[in-house]
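Residues per chain are reported as follows:
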Amino acid sequence: VDILDGNVYFTPGELEDATMATEPHVKLFNLLSTTWSSFDLYARICKEIGSCCFLKGLAYFALYYMRTKDQGQGQASATNICPDGWFTFAVMSVMSWWSLLPNLEL
(Lines give C-alpha, C1' and ligand atoms only; values in the text may rest on other atoms or scores of the structure.)
Protein backbone atom coordinates (compact mmCIF):
# COMPACT_ATOMS: atom_id res chain seq x y z
CA VAL A 1 0.00 0.00 0.00
CA ASP A 2 1.43 3.37 -1.04
CA ILE A 3 0.11 6.61 0.35
CA LEU A 4 0.90 9.62 -1.82
CA ASP A 5 -0.67 13.03 -1.28
CA GLY A 6 -3.35 11.55 0.97
CA ASN A 7 -4.44 9.00 -1.67
CA VAL A 8 -4.11 5.28 -1.10
CA TYR A 9 -2.74 3.22 -3.99
CA PHE A 10 -3.03 -0.58 -4.02
CA THR A 11 -1.15 -3.11 -6.10
CA PRO A 12 -3.44 -5.59 -7.92
CA GLY A 13 -3.01 -8.30 -5.28
CA GLU A 14 -3.63 -5.90 -2.43
CA LEU A 15 -6.75 -4.58 -4.14
CA GLU A 16 -8.35 -8.03 -4.18
CA ASP A 17 -7.52 -8.45 -0.49
CA ALA A 18 -9.03 -5.06 0.26
CA THR A 19 -12.29 -5.90 -1.52
CA MET A 20 -12.50 -9.22 0.32
CA ALA A 21 -12.08 -7.39 3.64
CA THR A 22 -14.91 -4.95 2.87
CA GLU A 23 -17.54 -4.70 5.54
CA PRO A 24 -20.93 -6.32 4.80
CA HIS A 25 -22.86 -3.06 4.97
CA VAL A 26 -20.55 -1.53 2.33
CA LYS A 27 -21.09 -4.54 0.08
CA LEU A 28 -24.86 -4.21 0.53
CA PHE A 29 -24.66 -0.49 -0.27
CA ASN A 30 -22.71 -1.19 -3.47
CA LEU A 31 -25.19 -3.88 -4.47
CA LEU A 32 -28.27 -1.73 -3.88
CA SER A 33 -26.87 1.48 -5.35
CA THR A 34 -27.01 -0.02 -8.83
CA THR A 35 -30.80 -0.42 -8.70
CA TRP A 36 -32.04 2.72 -7.00
CA SER A 37 -32.02 5.13 -9.91
CA SER A 38 -35.78 4.74 -10.37
CA PHE A 39 -36.35 5.46 -6.69
CA ASP A 40 -34.07 8.48 -6.93
CA LEU A 41 -36.08 9.82 -9.87
CA TYR A 42 -39.34 9.28 -7.97
CA ALA A 43 -37.94 11.12 -4.94
CA ARG A 44 -36.81 14.07 -7.07
CA ILE A 45 -40.22 14.34 -8.76
CA CYS A 46 -42.01 14.21 -5.41
CA LYS A 47 -39.69 16.86 -4.00
CA GLU A 48 -40.37 19.21 -6.91
CA ILE A 49 -44.14 18.70 -6.76
CA GLY A 50 -44.07 19.22 -2.99
CA SER A 51 -42.08 22.45 -3.18
CA CYS A 52 -44.34 23.76 -5.97
CA CYS A 53 -47.46 22.98 -3.92
CA PHE A 54 -45.94 24.54 -0.81
CA LEU A 55 -45.17 27.80 -2.62
CA LYS A 56 -48.64 27.86 -4.20
CA GLY A 57 -50.15 27.30 -0.77
CA LEU A 58 -48.15 30.22 0.63
CA ALA A 59 -49.38 32.36 -2.25
CA TYR A 60 -53.04 31.64 -1.53
CA PHE A 61 -52.43 31.97 2.21
CA ALA A 62 -51.01 35.46 1.67
CA LEU A 63 -53.88 36.38 -0.64
CA TYR A 64 -56.47 35.32 1.93
CA TYR A 65 -54.89 36.89 4.99
CA MET A 66 -53.78 40.18 3.41
CA ARG A 67 -57.27 41.60 2.94
CA THR A 68 -58.54 44.95 4.12
CA LYS A 69 -61.23 45.12 6.77
CA ASP A 70 -64.60 46.71 6.08
CA GLN A 71 -65.24 49.88 8.04
CA GLY A 72 -68.56 48.94 9.59
CA GLN A 73 -68.39 45.18 10.07
CA GLY A 74 -64.83 44.60 11.25
CA GLN A 75 -64.50 41.52 9.04
CA ALA A 76 -62.18 41.10 6.08
CA SER A 77 -63.91 41.33 2.75
CA ALA A 78 -63.26 38.80 0.02
CA THR A 79 -63.11 41.50 -2.64
CA ASN A 80 -60.91 44.06 -0.88
CA ILE A 81 -57.41 42.65 -1.16
CA CYS A 82 -54.60 45.07 -0.50
CA PRO A 83 -51.77 45.45 -3.04
CA ASP A 84 -49.34 43.68 -0.69
CA GLY A 85 -51.49 40.56 -0.90
CA TRP A 86 -51.52 40.61 -4.70
CA PHE A 87 -47.78 41.27 -4.82
CA THR A 88 -47.04 38.38 -2.46
CA PHE A 89 -49.39 36.13 -4.43
CA ALA A 90 -47.64 37.01 -7.69
CA VAL A 91 -44.14 36.52 -6.27
CA MET A 92 -44.98 33.14 -4.71
CA SER A 93 -46.72 31.97 -7.88
CA VAL A 94 -43.74 32.91 -10.03
CA MET A 95 -41.37 31.25 -7.56
CA SER A 96 -43.40 28.04 -7.65
CA TRP A 97 -43.13 27.88 -11.44
CA TRP A 98 -39.46 28.85 -11.44
CA SER A 99 -38.69 26.12 -8.93
CA LEU A 100 -40.39 23.58 -11.16
CA LEU A 101 -39.25 24.56 -14.67
CA PRO A 102 -35.45 24.07 -14.45
CA ASN A 103 -35.87 20.51 -13.25
CA LEU A 104 -38.23 19.38 -15.99
CA GLU A 105 -36.32 17.15 -18.35
CA LEU A 106 -37.98 15.81 -21.45
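Residues numbered from 1 in each chain as written. Predicted model: local features only at pLDDT ≥ 70, side-chain atom pairs only at ≥ 80, totals over all residues. Heavy atoms only, no water.

Notes on the packing of aromatic side chains
Tallying each qualifying case throughout the model produces five aromatic pairs. Here the aromatic rings of Tyr64 and Tyr65 are separated by 4.9 Å at their centres, their planes lie at 85 degrees, and the arrangement is edge-to-face. Judged by its relative accessible area of 55%, Tyr65 falls in the exposed class. Aromatic pair Trp86 and Phe89: ring centres 6.2 Å apart, planes at 90 degrees, arrangement edge-to-face. With a gap of three residues between them, Trp86 and Phe89 both fall in helix α4 (residues 83–100), about one helical turn apart. Clustering of aromatic rings is evident, with ring pairs tying together Tyr60, Trp86 and Phe89. (Phe/Tyr/Trp six-rings, centres within 6.5 Å; stacked < 30°, edge-to-face > 60°. Buried < 20%, exposed > 50% of the residue type's maximum accessible area, 1.4 Å probe, protein only. Helix = DSSP H or I, 4+ residues; strand = E, 2+ residues; numbered from the N terminus.)

Topic: helix α3 (residues 37–65)
With 29 residues, α3 extends 42 Å between its outermost C-alpha atoms, agreeing within 8% with the 42 Å of an ideal straight helix rising 1.5 Å per residue. Within the span of α3, buried status applies to Glu48, Cys52, Leu55, Ala59, Ala62 and Leu63. (Expected span 1.5 Å × (residues − 1).)

Quick word on the state of the cysteines
A disulfide bridge is the covalent bond that connects two cysteines by way of their sulfur atoms. What the rule picks out here adds up to zero disulfides. Between Cys53, a free cysteine, and Cys52, which holds the nearest cysteine sulfur, the sulfur-to-sulfur gap is 5.7 Å. (Disulfide = S-S within 2.5 Å.)

Examining the side chain of Ser96
Mapped onto the fold, Ser96 is located in helix α4. The exposure class of Ser96 is buried, given its relative accessible area of 0%. Apart from the residues lying within four places of it in its own chain, the contact partners of Ser96 are Cys52, Leu55 and Lys56. (Contact = heavy atoms within 4.5 Å.)

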